[in-house]
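What the coordinates show
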Amino acid sequence: MFWKNNSKNIKELEFKLLNSDAELSFLNAQTERELSKLYYNQTSLDGLLKSKYQEYQQEILAISKNHTHSVEDESKLLLKFIDLYAGLSGPEHYHKVDFDIEDPEAKIPALLLFPIVQNAMINGYNSMQNFPMKLKLKVKAQQLSLEVSNHVNHYLSNQGDDHRIKQVESRLFLEYAEDYSLFINSNSNLFKITLLIKLQTD
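Residues numbered from 1 in each chain as written. Predicted model: local features only at pLDDT ≥ 70, side-chain atom pairs only at ≥ 80, totals over all residues. Heavy atoms only, no water.

1. A look at the side chain of Asn 153
Inspection of the secondary structure puts Asn 153 in the loop between β5 (143–151) and α6 (163–176). Polar contacts involving the side chain of Asn 153 include one to the main-chain carbonyl oxygen of Asn 123, which spans 3.3 Å. With near-sequence residues (within four places) excluded, Asn 153 lies in contact with Asn 123, Gly 124 and Tyr 125. (Helix = DSSP H or I, 4+ residues; strand = E, 2+ residues; numbered from the N terminus. Polar contact = N/O pair within 3.5 Å; in protein donor to acceptor, adjacent residues only side chain to side chain. Contact = heavy atoms within 4.5 Å.)

Okay, structure coming up:
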């Protein structure tokens, strides 16, 4: 009986930790502090960039953690984040985005893809034009494929250990269980994450 109770308690604790990480994944994606630090550390700020930042904050902070929206909505928000982060980082921040979305109304949990992209934008070495951060998002036949890569930042020991990645793994597990795969690959030049999700039908 003792061992059964102990095993049950451990499983309950593990589930609570997963839920906690999943919630942190959403909240950290929503309030990405590195973006805010870039904004508030600007000595002079272009009026258009300031307006874009304020509009982005207003839009993203209105999303609740249990909200589900279309892949198209997610991709539009991702573009806004990328545009803002690159703009606030200065002229030498390069990225390349490729969207191939056959079913734009396919649903996913809001901000689910953000941590992977934020990790690449923030931790990647993206200041060389020949080695931009690359994002490729494809949705076809209820399958979502996300590939995000960046030139390795040699000041980091392991980009895959970033808290954003650890937390989103918990969220993916809770949302999709066995219907997703997350692959992390790194060598001396390139860091790459590939996410595959079998999307749920209504």
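So, next bit.
2. Considering the packing of aromatic side chains
The full count for this structure, using the stated rule, is six aromatic pairs. Ring centres of Tyr 39 and Tyr 53 lie 3.7 Å apart, and the angle between their planes is 10°; this geometry places the pair in the stacked category. One end of the pair, Tyr 39, is in helix α2 (residues 33–40); the other, Tyr 53, is in helix α3 (residues 47–60), and 14 residues separate them in sequence. As far as the burial class goes, Tyr 39 and Tyr 53 line up, both buried. Through a chain of ring-to-ring contacts, the aromatic side chains of Tyr 56, Phe 81, Tyr 85 and Phe 114 assemble into a single cluster. (Phe/Tyr/Trp six-rings, centres within 6.5 Å; stacked < 30°, edge-to-face > 60°. Buried < 20%, exposed > 50% of the residue type's maximum accessible area, 1.4 Å probe, protein only.)

3. Here we look at the pattern of salt bridges
It is possible for side chains of opposite charge to pair when their charged atoms get near one another. All chains considered together, the criterion is met by seven salt bridges. Residue Arg 164 is joined to Glu 32 by a salt bridge in which the shortest nitrogen-to-oxygen separation is 3.0 Å. In this pair, Arg 164 sits in helix α6 while Glu 32 sits in the loop between α1 (2–30) and α2, placing the two residues 132 residues apart along the sequence. Exposure class is identical for Arg 164 and Glu 32. Each is buried. Put simply, Lys 80 and Glu 59 hold a salt bridge, and the shortest N to O gap is 2.6 Å. Separated by 21 residues along the polypeptide, Lys 80 in helix α4 (residues 71–89) and Glu 59 in helix α3 bring together distant segments of the chain. According to the relative accessible area criterion, Glu 59 is partly exposed, its value standing at 35%. Among the charged side chains, a salt-bridge network with shared partners connects Glu 32, Asp 162 and Arg 164. (Salt bridge = Lys/Arg side-chain N within 4 Å of Asp/Glu carboxyl O.)

4. Notes on the environment of Gly 87
Considering the arrangement of structural elements, one finds Gly 87 in helix α4. For the pair Gly 87 and Tyr 39, spaced 48 residues apart in the sequence, the C-alpha separation amounts to 9.8 Å.

5. Details of the packing of α4 against helix α5 (residues 114–123)
Across the interface, α4 lies against α5 with an axial gap of 11 Å and an inter-helix angle of 15°. If you check the angle between α4 and α5, you find them roughly parallel. Remark: the crossing between α4 and α5 carries right-handed chirality. Of the residues in α5, those touching α4 at Glu 74, Leu 77, Leu 78, Phe 81, Ile 82, Tyr 85 and Ala 86 are Phe 114, Val 117, Gln 118, Met 121 and Ile 122. Residue composition of the contact of α4 with α5, by class: ten nonpolar, one polar and one charged. (Axes fitted to C-alpha atoms, helices over the stretch in contact; angles between N-to-C directions. Parallel < 35°, antiparallel > 145°, perpendicular 65-115°, else oblique. Left-handed = near helix turned anticlockwise from the far one by under 90°. Nonpolar A, V, L, I, M, F, W, Y, C, P; charged D, E, K, R; others polar.)

6. Overview of the packing of α5 against α6
Where α5 contacts α6, the two axes come as close as 9 Å, and the packing angle between them is 175°. In terms of axis orientation, α5 runs roughly antiparallel to α6. Here α5 contributes Pro 115, Ile 116, Gln 118, Asn 119, Ile 122 and Asn 123 to the contact with α6, which in turn contributes Arg 164, Ile 165 and Val 168.

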